[in-house]
Amino acid sequence: MANYAHRLKIENDINTDYIISGRYKFKIQDMKELSKHIFEDLEEGFYKKIKPGDFLVAGDNFGCGSSREQAPAALKASGLCAVIAKSYARIFYRNAFNVGLCLVECETNYIDDMDELELDLEKNIVRNLSKGVNIEIEPIPNIMREFLNKGGVVEYFKEHGGFEGIL
Amino acid sequence: MKQTIAEKILSQHCGKTVRAGDIVIADVDFCFGQDGTSGMIIDSFRKLGVEKVFARDRFCMVIDHSAPSPNIGVSAIHDKIRGFAGEHKVKVFDVGCGVCHQVIPEAGHVTCGDLVLGADSHTCTYGAINVLSTGVGSTDLAIVLASGKNWFRVPETVKVIANGRLPKGVYSKDVILHIIGDTGAAGATYQAVEFYGEVIDALSVDARFTISNMAVEMGAKCGLMRADGKTMEWVKAHSIRAPRPVEADADARYAETREYDLSDLSPQVARPHTVDNVCGVEEVAGTPINEVFIGTCTNGRLEDLEISAKILKGRRVAPGLKLIVTPASRRIYIDALKKGYVETFINAGASVNNPGCGPCVGTHQGVLADGENAFSTANRNFKGRMGNPNANIYLGSPATAAATALEGKIADPREHKRRL
């Protein structure tokens, strides 16, 4: 099945308030339900565009602002396979891998909305099938890969009883 | 090896000498959550399958973001927090205690040289008292709660030197807005910032908190200051543990040094919808404003209320304008009452709310209508932040906020120079 890129009208500094508004983070506990409100203040009904395995594509400093873990959790629950951006804010970066959402860091100028993409974490590339180009990605640090493999930091921690073995 | 403050504090907490770029596992001195993040901390803690919290006196939860509860959903979260606290015998600062970033240092839970994690992005506030403190998500916090540790990437450090002497009517809020406007919202992503200079030295500890509080708005992990005489006096009056002040080595390695001369700085305003969209007050003076909010972990301290009260004393806010004042803690509220500031605000037409986050995060106590403009002393002006994506938020100092409340449009506080 083909998977597509989704872009917002804003490219840089997409904050966690935009990902999921503070209005909902207190009200809705169910992440699937919460995911229906992602990016609502920027674009009503954005969640409807996302099919399981699709990608969100952005510019610099994605996820800046509040530490709300509902932001990556709601993105994951929306069905996104990964976020692809030029750079991330640090709290969001930790939170995403902690909840098992993959973040890919690379040049995103060559990805347009609705381009067909393929992510290859073995070869560290994103293939833009619509444009016929391969984009090199920053290798994901080992510690993050371990969390992703287990489905999140909680699962890793439970299995290993801490982080000692990871370094 | 020559080290920055962040390198030193992390070295001391992981038992080996580390430098920027290293990934380490370090012991955390104190950790906490607030009502927006504690529900998920509790869920993650339970999932970890650990029975006891690592240390009962090194963790607390603060009910501040949506307090008192405006709806049933929030009430359930507050109830869950109290239930967990009862079960594990940990401290809750309940409704009315105030904002976590005021309450926690005020109650003495953090001190110089500490490594602190909070499930709130403005945890960087305590950098002002020489604490390496930073925000994390709920699951990261639950890991600390279970084990007393977490993993850290040792950050590179940017050195910011603020030279000169601030003109009358210009405050620490203007300093940090100016710096963020210059660096941009991602100017220090993943880095630590160390603040130095005559401007910082001249500020009170209260005013310094404002600067460190907003370090995250330029992407920084923490905004550190050295411990001087004022810091030591402050922590001795508050901290329940002994301070361990940490200074950077003279020739520590910095990623970058940025120097500012702030002797001619004008009051600064962040325009909608990003914190780095900063200009001098002159550029936006006259913009109509519907709601003025004075408070938050950035500017809800006694000194902030004092400055606002001086401008508002014996006057009324503009007709139709809503002025909301939220002292950052109960102690500040009581002090403001004693000093007559609260009476001044009420006589000026303000609603003086209970200590807490007030309308900052858009869940209650002053949600904006479509098309309304707010002027706030908070730290964020993102679209939708105060509960309505069709409203605009301007950020500035308590002085600019008070002057604006009188006019009903953005106004220059230097016009009230004689009162300040």
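Cut-off values and rules
- Residues numbered from 1 in each chain as written.
- Chains lettered and ligands numbered in written order.
- Predicted model: local features only at pLDDT ≥ 70, side-chain atom pairs only at ≥ 80, totals over all residues.
- Helix = DSSP H or I, 4+ residues; strand = E, 2+ residues; numbered from the N terminus.
- Rg over C-alpha atoms; globule rule 2.2 N^0.38 Å.
- Axes fitted to C-alpha atoms, helices over the stretch in contact; angles between N-to-C directions.
- Parallel < 35°, antiparallel > 145°, perpendicular 65-115°, else oblique.
- Left-handed = near helix turned anticlockwise from the far one by under 90°.
- Contact = placed C-beta atoms within 7 Å.
- Pairing = 2+ DSSP bridges.
- Expected span 1.5 Å × (residues − 1).
- Buried ≥ 20, exposed ≤ 12 C-beta atoms within 10 Å, placed from the backbone.
- Arc of directions from axis to C-beta.

Once that is clear, we can look at the overall build of chain A. Secondary structure assignment for chain A yields 7 helices and 7 strands. Counting from the amino terminus, helix and strand elements in chain A follow one another as β-α-α-α-β-α-β-α-β-β-β-β-α-α. Taken over C-alpha atoms, the radius of gyration comes to 15 Å for chain A, in line with the 15 Å a tight globule of 167 residues would show. Dimensions of chain A, computed from C-alpha atoms along their principal axes, come out at roughly 45 × 40 × 30 Å.

It is worth spelling out unusual backbone geometry at this point. Residues and elements named next belong to chain B. Here the bond from Ala67 into Pro68 is cis, since omega is -5 degrees, no more than 30 degrees from zero. Looking at where Pro68 falls in the secondary structure, it is placed in the loop between strand S3 (59-62) and helix H3 (72-88). In this structure, His273 follows Pro272 across a cis peptide bond, with omega equal to -5 degrees. If you trace the backbone, His273 turns up in the loop between strand S12 (268-270) and strand S13 (278-280). Here the phi dihedral of Tyr190 falls at roughly 70 degrees; this positive angle occurs in a residue that is not glycine. Along the chain, Tyr190 turns up in the loop between helix H6 (172-183) and strand S9 (192-196).

The next subject is the packing of helix H12 (residues 302-312) of chain B against helix H15 (residues 398-407) of chain B. Residue and element names in this part refer to chain B. For the pair H12 and H15, interaxial distance at closest approach is 8 Å and the crossing angle is 30 degrees. Accordingly, the angle class assigned to the pair H12 and H15 is roughly parallel. Where H12 crosses over H15, the two elements pack in a sense that is right-handed. Across the interface between the two elements, Asp304, Ile307, Ser308, Ile311 and Leu312 from H12 touch Pro398, Ala399, Ala401, Ala402, Ala403 and Ala405 from H15.

Looking now at the sheet that holds strand S5 (residues 115-119) of chain B. Residue and element names in this part refer to chain B. Taken together, 5 strands build an open sheet; the order of strands is S4-S3-S2-S5-S6 and the sheet is parallel. Here the strands that pair on one side only, and so sit at the sheet edges, are strand S4 (91-93) and strand S6 (132-135). Each strand of the sheet is rotated relative to its neighbour by a mean of 20 degrees, with strand direction disregarded. When S5 meets S6, the two strands line up parallel, connected through 4 bridges. If you follow Leu115 over to S6, its bridge partner there is Leu132.

Helical geometry: 3.6 residues make up each α-helical turn, so side chains three or four residues apart lie on a common side. All names here are of chain B. Taking 1.5 Å as the rise per residue, H3 with 17 residues should run 24 Å; its terminal C-alpha atoms sit 24 Å apart, in good agreement. Residues of H3 that are buried: Val74, Ile77, His78 and Ile81. An end-on view of H3 places all buried positions within 95 degrees of arc, on one side of the element. The exposed residues of H3 that point more than 90 degrees off its buried face are Ile72, Asp79, Gly83, Gly86 and Glu87. Check the buried side of H3 and you find it contacts helix H2 (38-48), S3 and S4.

No statement about biological role is implied by the geometric values presented.
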